[in-house]
Amino acid sequence: AKYKLIQFDESRLDIRLDGDKSNADFGRLLPGEHKAKRITFENRNSFDIEGLAITKNVPSSDFDSSYKIEDWFALNPKGSVDVKADERSKEVQLDIAIPRDVAFPADAKSVKISGTITVKNTYYSKEFTFTFEVQKPEARLDIDMDLSPRVTGKDNAWQPVAGTLKVANKGKVDLTDI
């Protein structure tokens, strides 16, 4: 039997995150917002590159430790990536979605997040750094009352009074349990 040893040439595999070879900035995001970046692959080797896994890591953040920020990211399509020999434009989309109900630390107007995205298989690994900032949305509630409490009846006891209470959300965040 004849065998041929294939030698992988790392310089012939180009992976970019939104056109950049080493980092990505997702910018400022509000709770409930999402943003997408493209990961592009160019394989100039004469053989397929298979099983490239894409992992995300956020070592720490100022958010509560119960948040697993890596779960805010999603790949489309899901799973590992295979790049055919001489394939020049393989793409996957990396989406980040900030939960609507993310809780900010006391007195924080925003939280900056940084981490790494790693693309690797058994013989190759490339790491990107990423950053983004989650801004606390402005909450503004306008309340207009047409109620004038009166003491009426026996023994100066409070009696029900009909009136109007108007509540308007003028901010940029959903308000619940008012």
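Summarised in this report is the structure supplied together with it. (Residues numbered from 1 in each chain as written. Predicted model: local features only at pLDDT ≥ 70, side-chain atom pairs only at ≥ 80, totals over all residues. Heavy atoms only, no water.)

### Things to note about the sheet that holds strand E2 (residues 23-29)
Strand pairing in a sheet is mediated by backbone hydrogen bonds. Such pairs are either parallel or antiparallel.
Turning to step 1, where the next piece is worked out: If you walk across this open sheet you meet the 5 strands as E2-E9-E8-E4-E6, and the pairing is mixed. Looking at which strands have only one partner, the edges of the open sheet turn out to be E2 and strand E6 (81-83). Mean inter-strand twist for the sheet, computed between neighbouring axes without regard to direction, equals 25 degrees.
Turning to step 2, where the next piece is worked out: With 11 bridges connecting them, strand E8 (residues 110-120) and strand E9 (residues 125-135) associate as antiparallel partners. Note on E9: the bridge partner recorded for Ser 114 is Thr 131. (Pairing = 2+ DSSP bridges. Helix = DSSP H or I, 4+ residues; strand = E, 2+ residues; numbered from the N terminus. Axes fitted to C-alpha atoms, helices over the stretch in contact; angles between N-to-C directions.)

### Observations concerning the packing of aromatic side chains
Turning to step 1, where the next piece is worked out: Counted by the stated rule, this structure contains 13 aromatic pairs.
Turning to step 2, where the next piece is worked out: Their ring planes at 65 degrees and their centres at 5.8 Å tell us that Phe 63 and Trp 72 sit as a pair that is edge-to-face. Both residues of the pair, Phe 63 and Trp 72, count as buried.
Turning to step 3, where the next piece is worked out: In textbook terms, an aromatic cluster arises when at least three aromatic residues are bridged by ring pairs, as seen for Phe 8, Phe 47, Tyr 123 and Tyr 124.
Turning to step 4, where the next piece is worked out: Positioned above the aromatic ring of Phe 26 is the side chain of Lys 37, whose terminal nitrogen or guanidinium carbon lies 5.4 Å from the ring centre. (Phe/Tyr/Trp six-rings, centres within 6.5 Å; stacked < 30°, edge-to-face > 60°. Buried < 20%, exposed > 50% of the residue type's maximum accessible area, 1.4 Å probe, protein only. Lys NZ or Arg CZ within 6 Å of the ring centre and 35° of its normal.)

### Things to note about the sheet that holds strand E7 (residues 90-97)
Turning to step 1, where the next piece is worked out: The strand order across the open sheet built from 4 strands is E1-E3-E7-E5, with neighbouring strands paired in antiparallel fashion. Of all strands in the sheet, those bounded by a partner on one side alone are strand E1 (13-17) and strand E5 (73-76). In this sheet, adjacent strand axes meet at a mean angle of 20 degrees when their direction is disregarded.
Turning to step 2, where the next piece is worked out: Pairing of E5 with E7 involves 4 bridges; the strand directions are antiparallel.

### Regarding the side chain of Asn 121
Turning to step 1, where the next piece is worked out: With respect to the helices, strands and loops of the structure, Asn 121 is situated in the loop between E8 and E9.
Turning to step 2, where the next piece is worked out: One polar contact links the side chain of Asn 121 to the main-chain carbonyl oxygen of Glu 50, over a distance of 3.1 Å.
Turning to step 3, where the next piece is worked out: For Asn 121, the side chain forms a polar contact with the main-chain nitrogen of Tyr 123, separated by 3.1 Å.
Turning to step 4, where the next piece is worked out: Excluding residues within four positions of it along the chain, Asn 121 makes contact with Ile 49, Glu 50, Gly 51 and Leu 52. (Polar contact = N/O pair within 3.5 Å; in protein donor to acceptor, adjacent residues only side chain to side chain. Contact = heavy atoms within 4.5 Å.)

### What about unusual backbone geometry?
Turning to step 1, where the next piece is worked out: The peptide bond linking Asn 76 to Pro 77 adopts the cis configuration, its omega dihedral lying at 0 degrees.
Turning to step 2, where the next piece is worked out: A positive phi angle is found at Asp 18, which is not glycine, with a value near 55 degrees.
Turning to step 3, where the next piece is worked out: Phi angles above zero are rare outside glycine, and Asp 86 is one such case at about 60 degrees.
Turning to step 4, where the next piece is worked out: Secondary-structure assignment places Asp 86 in the loop between E6 and E7.
Turning to step 5, where the next piece is worked out: Given the relative accessible area of 44%, Asp 86 is considered partly exposed.

### A short note on the side chain of Glu 70
Turning to step 1, where the next piece is worked out: Relative to the helices and strands, Glu 70 is located in the loop between strand E4 (49-57) and E5.
Turning to step 2, where the next piece is worked out: Among buried Asp, Glu, Lys and Arg side chains, Glu 70 stands out as unpaired, with Lys 68 the closest opposite charge at 4.2 Å.
Turning to step 3, where the next piece is worked out: The residues touching Glu 70, leaving out its near neighbours within four places in the chain, are Lys 56, Asn 57 and Val 58. (Lys, Arg positive; Asp, Glu negative; His and termini not counted. Salt bridge = Lys/Arg side-chain N within 4 Å of Asp/Glu carboxyl O.)

### Some details on the pairing of E1
Turning to step 1, where the next piece is worked out: Counting buried positions along E1 gives 4 out of 5 residues, so the element sits mostly inside the fold.
Turning to step 2, where the next piece is worked out: In terms of strand pairing, E1 meets strand E3 (residues 34-43) through 5 bridges, oriented antiparallel. Looking at E3, one finds that Asp 14 is bridged to Glu 42.

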